[in-house]
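# Commentary on secondary and tertiary structure
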There are 2 protein chains.
Amino acid sequence: MKIITIGREFGSGGRELGKRLADALNIPCYDKEILHEVAKIHGVETEYIDQISQAEISIVYPTTIGGTLYSPIYYNKDVIDNLVTEQEVIRKLAEKGDCVFVGRSADVILKDMNPFNIFVYASEESKLNRCLKRTSSNETKKEILKEMKKIDKARANNRHLITDSKWADKSTYHLCINTTNIEIKDIIPSLVNYIESWFNSK
Amino acid sequence: MKIITIGREFGSGGRELGKRLADALNIPCYDKEILHEVAKIHGVETEYIDQISQAEISIVYPTTIGGTLYSPIYYNKDVIDNLVTEQEVIRKLAEKGDCVFVGRSADVILKDMNPFNIFVYASEESKLNRCLKRTSSNETKKEILKEMKKIDKARANNRHLITDSKWADKSTYHLCINTTNIEIKDIIPSLVNYIESWFNSK
């Protein structure tokens, strides 16, 4: 079974990379599909699930004083419910066969299935340019940068709810790709070969 | 001009990757050659230069109290002399034509020549196994791990003498490759393609 997961900084082109990779390999790419499925199960709108997963989560880390648990961990019940369902959805999709997952910490959730884990990143300037190209609103650069940081922070926090391994920390991934100043479509054929060699090398 | 630089954690197989990559591209790979050249210029043994570049450098960061510089920066004159000569040697080699550099912060030194910068890393267990395979001495695992940490620390410190960009920080590199549990030779053909696409995409 060949499962590929993609973690990515907001604006780095990770989603495009995932879709193009899946197309080249002729396998499905799961991205927003996961949210649709979770929304359907909970009987809510996809937008609500999307909002929840991007919300700022206040995690109060437990500290011990003299061996006694001092602060409890607070969490938003909807966030946790969503995460649990998400994990079930991701696992069911993975069991169908070879595929690409974009985001949702699929690398952690599917660890026992030995996926190939990619992290996509880029310089702030490059990410900003990518966002400016695709945005239809009148957001200023400053607003986009703020949004970018907020979303990446939410991704890191969401990951932290299910694992100790840090979001964006290269040791967690098999390959980290810097997309600054490159056309993603140009690297797809060699990336496909790299991934195939990696799976054959195991 | 296609220049490829390789930063690497000790034991990750970065040197092997550099040599194999250079062979596949039919271009020279500079590694210990840089040290030989520096040693020749200073009229000392290569081993001395090697020792210097791996020595623990105490960098005392300047701190200010009430706006006054409090602590000076101490450094070892031989270390700095070596670094300066190294930079000259690296630049001369790069100007000869396409090549691969392993280590010595060549990515920083040759920044204006737009090299493709790779960072090679692996899990501690994988690095330890690689070291155990190639070592002829009777070093224990504990000793190798200590040596591994010492050398990586020296690499980080040496880099810090010439740039603010952090050693091993993925944002500095174009591609970060995790060599845990893979045979390096297996990924070379696709890596060659990836690098060629990257240079064509610029």
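The structure we're discussing is the one just above.
Our subject in this report is the structure included herewith.

Reading the values: the criteria
- What you see as residue numbers is a count from 1 along each chain, following the sequence as written.
- Ligands are numbered from 1 and chains lettered from A, in the order in which they are written.
- Only residues with pLDDT of at least 70 are given local features in this predicted model, and only at 80 or more are side-chain atom pairs given and counted; all residues enter the totals for whole chains, interfaces and linings.
- Excluding hydrogens and water, the side-chain values take into account all heavy atoms of the structure.
- Each axis is a line fitted through C-alpha atoms, taken for helices only over the stretch in contact, and angles between the N-to-C directions span 0 to 180 degrees.
- For the purposes of this entry, the term helix denotes a DSSP run of H or I that reaches at least four residues, the term strand denotes a run of E that reaches at least two, and both are numbered from the N terminus.
- Here the angle decides the label: under 35 degrees means roughly parallel, over 145 means roughly antiparallel, 65 to 115 means roughly perpendicular, and every other value means oblique.
- Crossings are classed by handedness, with left-handed meaning an anticlockwise turn of the near helix from the far one by less than a right angle and right-handed meaning a clockwise turn.
- Residues are treated as being in contact if the distance between any of their heavy atoms lies within 4.5 Å.
- Residue polarity is assigned by list, with Asp, Glu, Lys and Arg as charged and Ala, Val, Leu, Ile, Met, Phe, Trp, Tyr, Cys and Pro as nonpolar; anything else, Gly included, falls into the polar class.
- Expected helix span is taken as 1.5 Å per residue step, with the number of steps being one fewer than the number of residues.
- Fitting one axis to the seven residues ending at a residue and another to the seven starting there, the bend at that residue is the angle between the two axes.
- Each residue is placed in one exposure class: buried if its accessible area under a 1.4 Å probe, protein chains only, is under 20% of its type's maximum, exposed if it is over 50%, and partly exposed if it falls in between.
- Side-chain rings of Phe, Tyr and Trp (the six-membered ring for Trp) are treated as a pair once their centres are within 6.5 Å; stacked means planes under 30 degrees apart, edge-to-face means over 60, and tilted covers the remaining angles.
- A carboxyl oxygen of Asp or Glu within 4 Å of a side-chain nitrogen of Lys or Arg is what we treat as a salt bridge.
- Residues below a pLDDT of 70 in either copy are left out; the C-alpha atoms of the rest, at least 70 in both, set the least-squares superposition of the copies.
- Put simply, buried area is the surface a 1.4 Å probe can reach on two separate parts but cannot reach once they are joined, added for both.
- Each polar contact in these results corresponds to two N or O atoms within 3.5 Å; when the atoms are within protein, one needs to be able to donate a hydrogen and the other to accept it, and residues that are neighboring in sequence are counted only if both atoms are side-chain atoms.
- Two strands form a pair only when DSSP identifies at least two bridges running between them.

## Regarding the packing of helix H2 (residues 32–42) of chain A against helix H4 (residues 77–96) of chain A
All names here are of chain A. Closest axis-to-axis distance for the H2/H4 pair is 9 Å, and the angle between their directions is 120°. On the basis of their axis angle, the class for H2 and H4 is oblique. Considering the relative orientation of H2 and H4, their crossing is right-handed. Across from Ile-34, Leu-35, Glu-37, Val-38, Ile-41 and His-42 in H2, the residues of H4 making contact are Asp-81, Asn-82, Thr-85, Glu-86, Val-89, Ile-90 and Leu-93. Partitioning the contact of H2 with H4 into residue classes produces 7 nonpolar, 3 polar and 3 charged.

## Quick look at helix H8 (residues 184–201) of chain A
Each α-helix winds once per 3.6 residues, and so residues spaced three or four apart point in a common direction. Residues and elements named next belong to chain A. Under the 1.5 Å per step criterion, the end-to-end length of H8 is 25 Å for 18 residues, consistent within 8% with the ideal 26 Å. Of all the bends found along H8, the most pronounced is centred on Ser-190 and spans about 35°. All buried positions along H8 are accounted for by Ile-184, Ile-187, Ile-188, Ser-190, Leu-191, Val-192, Tyr-194, Ile-195, Ser-197, Trp-198, Phe-199 and Ser-201.

## A closer look at the packing of aromatic side chains
All names here are of chain A. Going through the model one piece at a time under the given rule, you end up with 14 aromatic pairs over all chains. Note on Tyr-30 and Phe-101: the rings are 5.3 Å apart at their centroids and 45° apart in plane angle, and the pair reads as tilted. Taken as a pair, Tyr-30 in strand S2 (residues 29–30) and Phe-101 in strand S5 (residues 99–102) lie far apart in primary sequence, 71 residues in all. With respect to burial, Tyr-30 and Phe-101 carry one shared label: buried.

## Considering the pattern of salt bridges
Should the charged atoms of two oppositely charged side chains come close, the side chains can pair. Residues and elements named next belong to chain B. Following the criterion strictly, the structure yields 22 salt bridges over all chains and no others. A salt bridge links Asp-107 to Arg-159, with the shortest nitrogen-to-oxygen separation between them at 2.8 Å. Placement of Asp-107 in helix H5 (residues 106–109) and of Arg-159 in helix H7 (residues 141–160) is noted, with a sequence separation of 52 residues between them.

## Some details on the relation of the copies chain B and chain A
Laying chain B over chain A is done by rotating through 180° and shifting 0.0 Å along the axis; what remains is an RMSD of 0.0 Å. Between the two chains, the operation in question is that of a two-fold axis. Comparing interface residues between copies, 92% of those in chain B also lie at the interface in chain A; the contact surface is shared.

## So, the interface of chain B and chain A
Between chain B and chain A, the residue contacts involve 25 residues of the former and 23 residues of the latter. Carbon and sulfur atoms make up 53% of the area that chain B and chain A hide from each other, which totals about 2100 Å². For chain B, the biggest contributors to the area lost against chain A are Lys170(B), Tyr194(B) and Ser201(B); these three give 28% of the whole. Viewed at the interface, chain A and chain B are joined by 0 salt bridges. Taken together, chain B and chain A are joined by 15 residue pairs in polar contact (both at pLDDT 80 or more). Of all the secondary structure elements, the ones that give two or more residues to the side of chain B that touches chain A are strand S6 (116–121), strand S7 (175–178) and helix H8 (184–201) of chain B.

## Things to note about the pairing of strand S6 (residues 116–121) of chain A
Residues and elements named next belong to chain A. Burial runs high along S6: 6 of the 6 residues are buried. By the alternation rule, side chains of S6 split into Phe-116, Ile-118 and Val-120 and Asn-117, Phe-119 and Tyr-121, which are all buried. As paired strands, S6 and strand S7 (residues 175–178) are joined by 4 bridges and run parallel to one another. If you follow Tyr-121 over to S7, its bridge partner there is Asn-178.

## Things to note about the packing of helix H1 (residues 14–25) of chain B against H8(B)
Residues and elements named next belong to chain B. At a minimum axis separation of 9 Å, H1 and H8 run at an interaxial angle of 60°. Here H1 lies oblique to H8, going by the angle between them. Here H1 runs over H8; the crossing is right-handed. Only Ile-184, Lys-185, Ile-187, Ile-188, Leu-191, Val-192, Ile-195 and Glu-196 of H8 make contact with H1, whose side of the interface consists of Glu-16, Leu-17, Arg-20, Leu-21, Ala-24 and Leu-25. Among the residues making up the contact of H1 with H8, the classes are represented as 10 nonpolar, no polar and 4 charged.

## A short note on the side chain of Asn117(A)
All names here are of chain A. Along the polypeptide, Asn-117 turns up in strand S6. Taking the relative accessible area as the measure of exposure, Asn-117 reaches 7% and is therefore buried. Among the polar contacts listed, one links the side chain of Asn-117 to the side chain of Thr-5, at a separation of 2.7 Å. The contact partners of Asn-117, leaving out residues within four places of it in the chain, are Thr-5, Asp-107, Thr-172, Tyr-173, His-174 and Leu-175.

## Thoughts on the pairing of S6(B)
Successive residues of a regular strand alternate their side chains across the two faces of the sheet. Inspection of the sheet shows strand S1 (residues 3–8) of chain B paired to S6(B) by 5 bridges, in the parallel sense. Directly across from Arg8(B), in S6(B), lies its bridge partner Val120(B).

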